[in-house]
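# Fold and contact review
Residues per chain, in single letters:
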Amino acid sequence: AQKVTQAQTEISVVEKEDVTLDCVYETRDTTYYLFWYKQPPSGELVFLIRRNSFDEQNEISGRYSWNFQKSTSSFNFTITASQVVDSAVYFCALSELSTGTASKLTFGTGTRLQVTL
Amino acid sequence: ETGVTQSPTHLIKTRGQQVTLRCSSQSGHNTVSWYQQALGQGPQFIFQYYREEENGRGNFPPRFSGLQFPNYSSELNVNALELDDSALYLCASSLGAGAGYNEQFFGPGTRLTVL
């Protein structure tokens, strides 16, 4: 069965520090998708990034970057030069094609990021 | 473009009661998924509706049921409420039920408290 593990429960950093959020996943599928979502205090989940299992190319988008490694089943997320507005809970999620409900997202337990001045 | 909306924002019920939560999908989206998020946890998939039919279900009992209407809006119904049903209920809409490449857009959620 699919599983997503976010071992970091809470991270506190000072503004302008870089921070990496870890995500490890388990799946038996060869085709799957990985996501990162941000949940601010308002509660709404905000989509950040999606990667499919065939695309291990890492990318940088502004202050965000991702490191996808199939060999270690990890999909880590880095915020460069963190800002107070980045404070939120970040969720890693997995979607498999074999479940028949392909849009089902399996979420990790989240990492709470606190950025202070 | 109108985003995903949910109503009500907050709800308080007592154990044994029934509740209906509503979701309006983003314009043009034909798929709605419902998730339950307990405090301090990640969202858990309840079920998904695609073109008015249930398209998959998570590990939730039958007292959790749903509907999708021709305009693709959706309802989540929970009967015989239990204390553990207290959670944030999130609705997500997407264009198509197939594959994870369909980005899911989430609503702000309904906070249900069962006393």
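Residues numbered from 1 in each chain as written. Chains lettered and ligands numbered in written order. Predicted model: local features only at pLDDT ≥ 70, side-chain atom pairs only at ≥ 80, totals over all residues. Heavy atoms only, no water.

## Quick look at the interface of chain B and chain A
How big an interface is tends to be reported as the loss of accessible area on association of its parts. Here is the rule: By the convention used here, residues are in contact when the closest approach between their heavy atoms is within 4.5 Å. What counts as buried area is the accessible surface, traced by a 1.4 Å probe, that two parts surrender upon association, with contributions from both included. By definition, a salt bridge exists where a carboxyl oxygen of Asp or Glu is found within 4 Å of a side-chain nitrogen of Lys or Arg. We count a stretch as a helix when DSSP gives it H or I for four or more residues in a row; a strand needs E for two or more, and each element gets its number in order from the N terminus. Amino acids are sorted into nonpolar (Ala, Val, Leu, Ile, Met, Phe, Trp, Tyr, Cys and Pro), charged (Asp, Glu, Lys and Arg) and polar (every other residue, Gly among them).
Taken together, the contact pairs 26 residues of chain B with 22 residues of chain A. Between chain B and chain A, roughly 1800 Å² of surface is buried when both sides are summed, and carbon and sulfur atoms account for 54% of that area. Counting across the chain B and chain A interface gives zero salt bridges. Taken together, the elements giving at least two residues each to the side of chain B that touches chain A come down to β4 (31-37), β5 (44-50), β6 (53-57) and β9 (87-94) of chain B. Taken together, the residues of the side of chain B that touches chain A break down into ten nonpolar, 14 polar and two charged.

## Describing unusual backbone geometry
With an omega of -10°, the peptide bond between B:Ser7 and B:Pro8 qualifies as cis. Mapped onto the elements of the fold, B:Pro8 is located in the loop between β1 (5-7) and β2 (10-13). One non-glycine residue, A:Lys16, lies in positive phi territory at about 85°. With respect to the helices and strands, A:Lys16 occurs in the loop between β2 (10-14) and β3 (19-21).

## Considering the pairing of β5(B)
Residues and elements named next belong to chain B. How we decide: Exposure is judged per residue with a 1.4 Å probe applied to protein chains only, and the accessible area is read against the type maximum: over 50% gives exposed, under 20% gives buried, and values in between give partly exposed. Any two strands with at least two DSSP bridges between them are considered paired.
For β5, the tally of buried residues reaches five of seven residues, placing the bulk of the element in the interior. Taken together, the six bridges between β4 and β5 define a ladder with antiparallel strand orientation. Bridge assignment links serine 33 to a residue of β5, and that residue is glutamine 48. Here β4 folds back onto β5, and the loop between the two strands holds six residues, one of which, glycine 40, carries a positive phi near 80°. Hairpin geometry of β5 and β6 is characterised by an intervening segment of two residues between the two adjacent antiparallel strands and by a positive phi of about 50° at arginine 51.

## A few points about the packing of aromatic side chains
Between two aromatic rings, the relevant description is the distance of the centres plus the angle of the planes. How we decide: Two rings from Phe, Tyr or Trp (for Trp, the six-membered ring) form a pair when their centres are within 6.5 Å of each other. A pair whose planes differ by under 30 degrees is stacked, one over 60 is edge-to-face, and the rest are tilted.
Scanning the entire structure with this criterion turns up 20 aromatic pairs over all chains. Plain terms: the ring middles of A:Phe91 and A:Phe107 are 6.1 Å apart, the flat faces sit at 90° to each other, and that makes the pair edge-to-face. With a gap of 16 residues between them, A:Phe91 in strand β10 (residues 88-96) and A:Phe107 in strand β11 (residues 106-107) connect regions that are remote in the sequence. When sorted by exposure, A:Phe91 lands in the same class as A:Phe107, which is buried. Seen in terms of ring centroids, A:Phe107 and B:Phe106 are 6.3 Å apart; in terms of plane orientation they differ by 75°. Their pairing is edge-to-face. Here A:Phe107 is found in strand β11, whereas its partner B:Phe106 is found in strand β10 (residues 105-106) on a different chain. Of the two residues, A:Phe107 and B:Phe106, neither departs from the other in class, the shared state being buried. Counting every residue linked through ring pairs, the aromatic cluster contains A:Phe35, A:Tyr37, A:Phe47, A:Phe91, A:Phe107, B:Tyr35, B:Phe45 and B:Phe106.

## Points about the nonpolar core
The following threshold applies: We call a set of buried residues a nonpolar core when its members are Ala, Val, Leu, Ile, Met, Phe, Trp, Tyr or Cys and they connect through side-chain atoms within 4.5 Å of each other.
Ranked by internal contacts, the top residues of the largest apolar core, which has 24 residues, are A:Trp36, A:Phe75, A:Phe77, A:Tyr90 and A:Leu113. Residue contributions to this core peak at four residues, all from β10(A). Not counting the four nearest positions on each side in its chain, A:Leu113 is found in contact with A:Ile11, A:Val13, A:Val19, A:Ile79, A:Asp86, A:Ser87, A:Ala88 and A:Tyr90. Among the nonpolar cores identified, the runner-up in size contains 20 residues, and B:Leu21, B:Cys23, B:Phe47 and B:Ala87 belong to it.

## Looking at the state of the cysteines
All names here are of chain A. For clarity, the threshold we go by: Any cysteine sulfur atom paired with another within 2.5 Å is treated as part of a disulfide.
What the rule picks out here adds up to two disulfides over all chains. There is a disulfide in this structure between cysteine 23 and cysteine 92, and the S-S distance comes to 2.0 Å. Linking cysteine 23 and cysteine 92, the disulfide has an S-S dihedral of approximately -65° and is accordingly described as left-handed. Of the two residues, cysteine 23 is situated in the loop between β3 and β4 (24-26) and cysteine 92 in strand β10; the sequence distance between them amounts to 69 residues.

## Quick word on the confidence of the model for chain B
Note the threshold: Confidence scores labelled pLDDT are given residue by residue by the predictor and lie between 0 and 100.
In this model, chain B carries a mean pLDDT of 91, and residues with pLDDT of at least 70 account for 94%. For chain B, β6(B) is the element with the lowest average pLDDT, namely 88, and strand β11 (residues 110-114) of chain B is the one with the highest, namely 98.

## Observations concerning the pairing of β4(B)
All names here are of chain B. When you tally the buried positions in β4, you get seven out of seven residues, the bulk of the element. Of the two faces of β4, the one lined by Thr31, Ser33, Tyr35 and Gln37 and the one lined by Val32, Trp34 and Gln36 are each fully buried. Pairing geometry for β4 and β9, over seven bridges, is antiparallel. Bridging from a neighbouring strand, valine 32 pairs with serine 93 of β9.

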